[in-house]
Amino acid sequence: MNDEDMNLDPSDPNLNAAAAKIQASFRGHKVRKELKKTADEIDLPTPKEESFPTPEDVDLNDPDVQKAATTIQASFRGYMVRKQVKDGSNSPTSDNPGS
């Protein structure tokens, strides 16, 4: 160590911020290490990518899937209408050819 390292001002805000960041990082490391140890002890299953359905696995004729798609579409259309009203735009959309 040289003399410059020993002449640190404890009231320096940058020094305090750096020290707090180092301490927070170390505390986070300790907590993650402890959580991993605990998870290993109780043998928690780890999530696998195979647990999520791929697009090929989804049955588009399933009534629940169709209901979910309809709900999402209705929510999006409502969002678009509210956005148009907010913006003051009354232009017809491609969904409403008769307007």
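Along every chain, residues carry numbers that run from 1 in the direction the sequence is written. The predicted nature of this model means local features are confined to residues of pLDDT at least 70 and side-chain atom pairs, given and counted, to a pLDDT of 80 or more, with totals for whole chains, interfaces and linings taken over all residues. To get the side-chain values, take all heavy atoms of the structure and skip hydrogens and water.

Turning to the overall build of the chain, a few remarks are in order. Strands are runs of DSSP state E lasting at least 2 residues, helices are runs of H or I lasting at least 4, and numbering of each runs from the N terminus. Looking only at helices and strands, one finds 3 helices and 0 strands in the chain. The secondary structure elements of the chain, listed N-terminal to C-terminal, are α-α-α. Each residue gets one of three labels from its accessible area relative to the maximum for its type: buried under 20%, exposed over 50%, partly exposed in between, using a 1.4 Å probe on protein chains only. Here the chain holds 99 residues, and 0% of them are scored as buried. Each accessible area value is a Shrake-Rupley result obtained with a 1.4 Å probe; residue values ignore everything except the protein chains displayed when judging cover. When the accessible surface of the chain is split by element, carbon and sulfur atoms take 57% of a total near 9,600 Å².

A residue's pLDDT is simply how confident the predictor is in it, with values from 0 to 100. Confidence in the prediction of the chain, expressed as mean pLDDT, is 80, and 76% of residues score 70 or more. When the elements of the chain are averaged for pLDDT, helix H1 (residues 3-6) gives the smallest value, 60, and helix H3 (residues 63-87) the largest, 93.

This brings us to helix H2 (residues 13-42). An ideal rise of 1.5 Å per residue puts 44 Å on 30 residues; H2 measures up with 43 Å between its terminal C-alpha atoms. Trailing H2 by a residue or two, Asp43 shows a phi angle of about 55°, which is positive. Take the residue count of a helix, subtract one, and multiply by 1.5 Å to get its expected span.

With 25 residues, H3 ought to run about 36 Å at 1.5 Å a step, and its terminal C-alpha atoms sit 36 Å apart, in line with that. Of the residues trailing H3, Gly88 is marked for its positive phi of about 80°.

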